[in-house]
Amino acid sequence: MALLEVKNLKKVYTTRFTQNQVQALTNVNFSVDKGEYVAIMGESGSGKTTLLNILAALDKPTSGQVLLHGKDITHISEKEIANFRREHLGFVFQDFNLLDNFN
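This one's a predicted model, so the numbers in the text were calculated from it and none came from an experiment.

Cut-offs applied
Residues numbered from 1 in each chain as written. Predicted model: local features only at pLDDT ≥ 70, side-chain atom pairs only at ≥ 80, totals over all residues. Heavy atoms only, no water. 1 Å grid on protein atoms, 1.4 Å probe; cavity = no way out; pocket = protein on both sides within 12 Å on 5 of 7 lines; lining within 4 Å. Points joined across faces, edges and corners; volume = space filled by probe spheres on them. Nonpolar A, V, L, I, M, F, W, Y, C, P; charged D, E, K, R; others polar. Pairing = 2+ DSSP bridges. Helix = DSSP H or I, 4+ residues; strand = E, 2+ residues; numbered from the N terminus. Salt bridge = Lys/Arg side-chain N within 4 Å of Asp/Glu carboxyl O. Buried < 20%, exposed > 50% of the residue type's maximum accessible area, 1.4 Å probe, protein only.

## Side note on empty space enclosed by the protein
Thought 1: All told, the structure shown has one cavity of 30 Å³ or more when counted by the stated rule.
Thought 2: Space inside the largest cavity adds up to approximately 30 Å³.
Thought 3: Lining the largest cavity are I54, A57, D59, K60, I73 and T74.
Thought 4: Taken together, the residues of the lining of the largest cavity sort by class into three nonpolar, one polar and two charged.

## Observations concerning the pairing of strand β2 (residues 21-32)
Remember that side chains alternate between the two faces of the sheet whenever the strand is regular.
Thought 1: As defined by bridge partners, strand β1 (residues 4-14) adjoins β2 across eight bridges and the pair is classed as antiparallel. Opposite L4, over in β2, you have V32 as the bridge partner.
Thought 2: Between β1 and β2, which follow one another and run antiparallel, lie six residues, and Q19 among them has a positive phi close to 60°.

## Some remarks on the sheet that holds β1
Thought 1: With antiparallel pairing, the four strands of this open sheet are ordered in space as β2-β1-β3-β4. Each of the sheet's edge strands pairs with one partner strand only, and the pair in question is β2 and β4 (71-72).
Thought 2: Note that β1 and strand β3 (residues 63-68) share five bridges and pair antiparallel. Bridge assignment links K7 to a residue of β3, and that residue is Q65.

## Some thoughts on the pattern of salt bridges
Thought 1: In total, this model carries three salt bridges according to the counting rule given.
Thought 2: Here D59 makes a salt bridge to K11, at a shortest N to O gap of 3.3 Å. Of this pair, D59 sits in the loop between α1 (48-55) and β3 while K11 sits in strand β1, and the two are 48 residues apart along the sequence.
Thought 3: A relative accessible area of 22% means that D59 is categorised as partly exposed.
Thought 4: The salt bridge involving E87 is made with R86; its shortest N-O contact spans 3.8 Å.
Thought 5: Overall, the relative accessible area of 57% leaves E87 in the exposed class.
Thought 6: Given the relative accessible area of 55%, R86 is considered exposed.

Fair warning: the whole summary comes from geometry, so function is off the table for now.
Structure (structure tokens):
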């Protein structure tokens, strides 16, 4: 059984003023087994950040499933999402986000 499974993931954003739709992810499918290393690579604007935000439960997909240990994290309550993040996630930011006045 895969540790993480992504099935038919789709994300569509609607622009604020013109109501145009931008499809950021289309039919994304993959699985990650325990012990595997995964790299997400692509051109600017290809949906990497959108995918990572959905995998971290920071955003919800338009459709599809994200299964962690067989449980779909796209349909859990806000309280469960907070517990999920606390127990299972760590973030390494691209910028250090350090405060200048501390050492």
